[in-house]
Each structure stands twice: as C-alpha cells, then as structure tokens.
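Structure assessment
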Amino acid sequence: MRPQRIKYILLTALIIGLGLLSRRISGLPLWLGDLLYASMMTFLLQSLFIKMKKSYVAILALAVTFLIEFSQLYQGEWIVQIRQTLLGRLVLGQGFLVSDLLAYTTGVILAYLVISHIKKGYK
C-alpha cells in the first residue's frame, strides 16, 4: 500500500474519532462536526482515488457533502426511518441548514491544504 494512501486512511480514522468526540463535548459549536465531516470525506476520497488531482477530489468531496445536505430536504418515509438510526443520522444528517454548506466548504478547503502538504513531501 502506498505511504500516501496510509496517511489519508489514518487521517480519515482520526477525523472520525474527533467528529464523534465533538458531539459529546458540550460547548463546542455544532458546525465543528460538519467541518470535520467534510474533511473526513475529502481524505477518504483521496485515499480511494490516490492518483486523482487533489482539486478534483476537493470538488468531489464538496459535491458529495452538498448532495447529502440537500437530500435532507427530501422527507420520504423510508429515508426518515434510516435517519432515525445512529448510522443514518451520522451519515445522512437530519435537517437541512445553509450554514452546514459553509462548514463543509471550509472543511474541504482545510483538507485540501493538508493534502497539498502531503503531496508536496512525495515529489
């Protein structure tokens, strides 16, 4: 396995842990979890598509996170039932918020900067 891929997988796992922890600590703003979610998505996608340009990965991560956020506007019975489970709530969220889109954008930008730093070290 490529060293870069290992780093992205480890970053993904670390951010999942931080994201879950952020929901347990009172006083932390809720947008922090959304920022971490978008960063995690970016690192996960970069680990899956290791040769893809980092800018394409960032666009893909934004598309996925925005799609998930906009999907919260749909309230079909079947998806509401999925969102009532822990995994469904963590992955799909519960309610649409425009502020989440800003948090996702910021998280993807931060992850993009980290990926740039990692890729620079492998040239």
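Residues numbered from 1 in each chain as written. Predicted model: local features only at pLDDT ≥ 70, side-chain atom pairs only at ≥ 80, totals over all residues. Heavy atoms only, no water.

1. Regarding the overall build of the protein
- Broken down by element type, the protein carries 6 helices and 0 strands.
- What you see in the protein, going N to C, is helices and strands ordered as α-α-α-α-α-α.
- Scaling as 2.2 N^0.38, a compact globule of 123 residues should have a C-alpha radius of gyration of about 14 Å, and the protein matches this with 15 Å.
- Within the protein, the proportion of its 123 residues that are buried is 37%.
- Taking the contacts inside the protein whose residues are at least 6 apart along the sequence as the reference set, 67% of them involve residues at least 24 apart.
- Of the roughly 7,700 Å² of accessible surface on the protein, 72% is carried by carbon and sulfur atoms.
- Positive and negative charge centroids in the protein, built from 13 and 4 side chains respectively, lie 22 Å apart. (Helix = DSSP H or I, 4+ residues; strand = E, 2+ residues; numbered from the N terminus. Rg over C-alpha atoms; globule rule 2.2 N^0.38 Å. Buried < 20%, exposed > 50% of the residue type's maximum accessible area, 1.4 Å probe, protein only. Contact = heavy atoms within 4.5 Å. Areas by Shrake-Rupley, 256 points an atom, 1.4 Å probe, with all protein chains shown as cover. Lys, Arg positive; Asp, Glu negative; His and termini not counted. Charge placed at Lys NZ, Arg CZ, Asp CG, Glu CD.)

2. Brief notes about the environment of Ser 116
- Topologically, Ser 116 is positioned in helix H6 (residues 98-120).
- Placed 97 residues apart in sequence, Ser 116 and Gly 19 show a C-alpha to C-alpha distance of 22 Å.

3. Some points on helix H3 (residues 54-71)
- In this model H3 runs 25 Å from its N-terminal to its C-terminal C-alpha over 18 residues, within 8% of the 26 Å that 1.5 Å per residue would give.
- Within H3, burial applies to Val 57, Ala 58, Ala 61, Thr 65, Ile 68 and Glu 69. In a view along the axis of H3, the buried residues occupy a sector of 105°, so they form one face of it. For H3, the exposed residues lying more than 90 degrees away from the buried face are Ile 59 and Leu 67.
- Those residues of H3 that are buried are in contact with helix H2 (31-48), helix H5 (86-92) and H6. (Expected span 1.5 Å × (residues − 1). Arc of directions from axis to C-beta.)

4. Concerning the packing of H2 against H6
- Two elements in contact, H2 and H6, have axes separated by 7 Å at closest approach and are oriented at 40°. Considering the angle they form, H2 stands oblique to H6. Note on packing geometry: the crossing formed by H2 with H6 is right-handed. Residues Trp 31, Asp 34, Leu 35, Tyr 37, Ala 38, Ser 39, Thr 42, Phe 43 and Gln 46 of H2 form the contact with H6, whose own contacting residues are Asp 100, Ala 103, Tyr 104, Thr 106, Gly 107, Val 108, Leu 110, Ala 111, Val 114, Ile 115 and Lys 119.
- Its residues assigned to classes, the contact of H2 with H6 shows 12 nonpolar, 5 polar and 3 charged. (Axes fitted to C-alpha atoms, helices over the stretch in contact; angles between N-to-C directions. Parallel < 35°, antiparallel > 145°, perpendicular 65-115°, else oblique. Left-handed = near helix turned anticlockwise from the far one by under 90°. Nonpolar A, V, L, I, M, F, W, Y, C, P; charged D, E, K, R; others polar.)

5. A look at the nonpolar core
- Counting residues in hydrophobic clusters, the biggest one holds 20 residues, and the most contacted among them are Tyr 8, Tyr 37 and Phe 43.
- Elements supplying a minimum of two residues to this core: helix H1 (3-22), H2, H3 and H6.
- For this core, the leading source of residues is H2, giving 7 residues.
- In this view, Tyr 37 contacts Thr 65, Ile 68, Leu 90, Val 91 and Tyr 104; residues no more than four positions away in its chain are not counted. (Core = buried A, V, L, I, M, F, W, Y, C linked by side-chain atoms within 4.5 Å.)

6. Some remarks on the packing of aromatic side chains
- Scanning the entire structure with this criterion turns up 3 aromatic pairs.
- Seen in terms of ring centroids, Phe 70 and Phe 96 are 5.1 Å apart; in terms of plane orientation they differ by 35°. Their pairing is tilted. One end of the pair, Phe 70, is in helix H3; the other, Phe 96, is in the loop between H5 and H6, and 26 residues separate them in sequence.
- On the accessibility criterion, Phe 96 (25% relative accessible area) is partly exposed. (Phe/Tyr/Trp six-rings, centres within 6.5 Å; stacked < 30°, edge-to-face > 60°.)

7. Describing the packing of H1 against H6
- Contact geometry of H1 with H6 gives a least axis separation of 11 Å together with a crossing angle of 155°. By the angle between their directions, the pair H1 and H6 is classed as roughly antiparallel. Taken as a pair, H1 and H6 cross one another with a handedness that is right-handed. Together, Gln 4, Lys 7, Tyr 8 and Leu 11 of H1 and Val 114, Ile 115, Ile 118 and Lys 119 of H6 make up the contact between the two elements.
- Looking at the contact of H1 with H6, its residues break down into 5 nonpolar, 1 polar and 2 charged.

Everything listed here is a matter of geometry and, on its own, says nothing about what the molecule does.
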